[in-house]
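# Architecture at a glance
Each chain is listed here by its residues.
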Amino acid sequence: MDFALDDTQTEIAALAAKVLGDFRSAGGDPPQRAVEGGPWRALASAGLLALALPPELEGDGLGVAEVAQVLAEVGRAAAPVPAYAALALGVLPIESLGTPAQRAELLPPVAAGEALLTAALNEPSAPLVAEPAATVRAGDGRWLLSGVKTAVPYAAEATRILTPVTTAHGSAVYLVDPHAEGVTLVPTPTSSGTPEYTVRLDDVAVEETDLLFDRGAVAALHRFALAGALALGDGLLAGALALTVKHVGERTQFGRPLSAFQAVAGQIADVYVAARTVHLAVTSAVWRLASGLDADADLDVAAYWFASRAPEALATCHHLHGGVGVDETYPLHRYSSAVKDLGRTLGGAAHRLGRLGERVAG
């Protein structure tokens, strides 16, 4: 298997890095304002939010492998933009599962940086739940959704929330208007300050036109969500490593750079090993998904490696920075807080290991 980026993917990564370059070392806009301008609008202007749109919608007709390059660069810059929610939870699944009418209505505004999409994948004590407790039933000639979803990023800012539910015949994904009658949005705290909500659905009316292709839709949505989260996490870990390597190479103690001390070199090597391990696992999983192969096991392995190794690696980065690492005007906190939020989104290391155990046992 050749995991090397092709020319298109290399150019996408370079363009995203250039667009986010000015933000990389700055304090940056708070996440609540990210969708209003700054790096988010710059990504849109560069065409990086339209990669997965079909040509008839003025997109590039590309897929998850190319979108992953954008997400990795967003992570590398720790830019608080809604790329994960909009692209991995919205554009990719709607492009893959949606009808032509759904794609035409929902995708162009996201590509222009004027609207957001997101997905409600988690329920109380059940991250990325495969059999949702949320349900749909017939009523008054419409379909009525009920249930509770947790940790939904940018729910209030989105035009639609992709919402998995259990039906009488299995599971399905509906497009829910977050401001529809019966929807209650409760803000919940995050480490990074990214907007996140608990979403309560009380007989929320939806139409047949709000249904995504239901056969395997929940599983497909989860694959895109995992691939996007892992690409973002891969970039976060690589960015934190680069920032720390630069610091220990420039900061001197007793007339020598910190990197010259054996104890420091050993710790930065541990972070490097963690970052490279995560990168390889993520690259393999995204490659298989983009190639149309069964990627579920690879996604689970990569998710476990990230959830188990990334928090420890970021703690080491903070330790090697000393007091500078906890200065809010220094960018390291953006990486560590985003890693915490992403690990929680994945369910944590113990949950991911349990998923792997279930896969082996099954």
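When the terminal C-alpha atoms of helix α1 (residues 7-19) are compared, their 18 Å separation across 13 residues agrees well with the 18 Å that a helix rising 1.5 Å per residue should span. Of the residues making up α1, those classed as buried are Q9, I12, A13 and A16. Taken down its axis, α1 places every buried residue within 95° of arc, on the same side. Pointing more than 90 degrees away from the buried face of α1 are the exposed residues D7, E11 and K18. Close packing links the buried residues of α1 with α5 (64-77). Capping of α1 at its N-terminal end is provided by D6; its side-chain oxygen lies 3.1 Å from the backbone amide nitrogen of T8.

Turning to the environment of P54, a few remarks are in order. Tracing the backbone through its elements, the reader meets P54 in the loop between α4 (39-45) and α5. Separated by 169 residues in the primary sequence, P54 and R223 have C-alpha atoms spaced 20 Å apart. Apart from the residues lying within four places of it in its own chain, the contact partners of P54 are G59, G61 and E95.

Here we come to the pairing of strand β2 (residues 135-139). In this sheet, strand β3 (residues 142-153) lies alongside β2 in antiparallel orientation, the contact comprising five bridges. Bridge pairing links A138 to W143 in β3. Count of turn residues in the β2/β3 antiparallel hairpin: two residues, of which D140 carries a positive phi of about 55°.

Turning next to the packing of helix α8 (residues 217-250) against helix α11 (residues 332-346). At a closest axis distance of 10 Å, the pairing of α8 and α11 adopts a crossing angle of 155°. Judged on the interaxial angle alone, α11 and α8 are roughly antiparallel. Between α8 and α11 lies a crossing whose hand is left-handed. Judged by residue contacts, L226, A229, L230, L232, G233, L236, G239, A240 and L243 of α8 engage L332, Y335, A338, V339, L342 and L346 from α11.

The rules behind these values
Residues numbered from 1 in each chain as written. Predicted model: local features only at pLDDT ≥ 70, side-chain atom pairs only at ≥ 80, totals over all residues. Heavy atoms only, no water. Helix = DSSP H or I, 4+ residues; strand = E, 2+ residues; numbered from the N terminus. Expected span 1.5 Å × (residues − 1). Buried < 20%, exposed > 50% of the residue type's maximum accessible area, 1.4 Å probe, protein only. Arc of directions from axis to C-beta. Contact = heavy atoms within 4.5 Å. Polar contact = N/O pair within 3.5 Å; in protein donor to acceptor, adjacent residues only side chain to side chain. Pairing = 2+ DSSP bridges. Axes fitted to C-alpha atoms, helices over the stretch in contact; angles between N-to-C directions. Parallel < 35°, antiparallel > 145°, perpendicular 65-115°, else oblique. Left-handed = near helix turned anticlockwise from the far one by under 90°.

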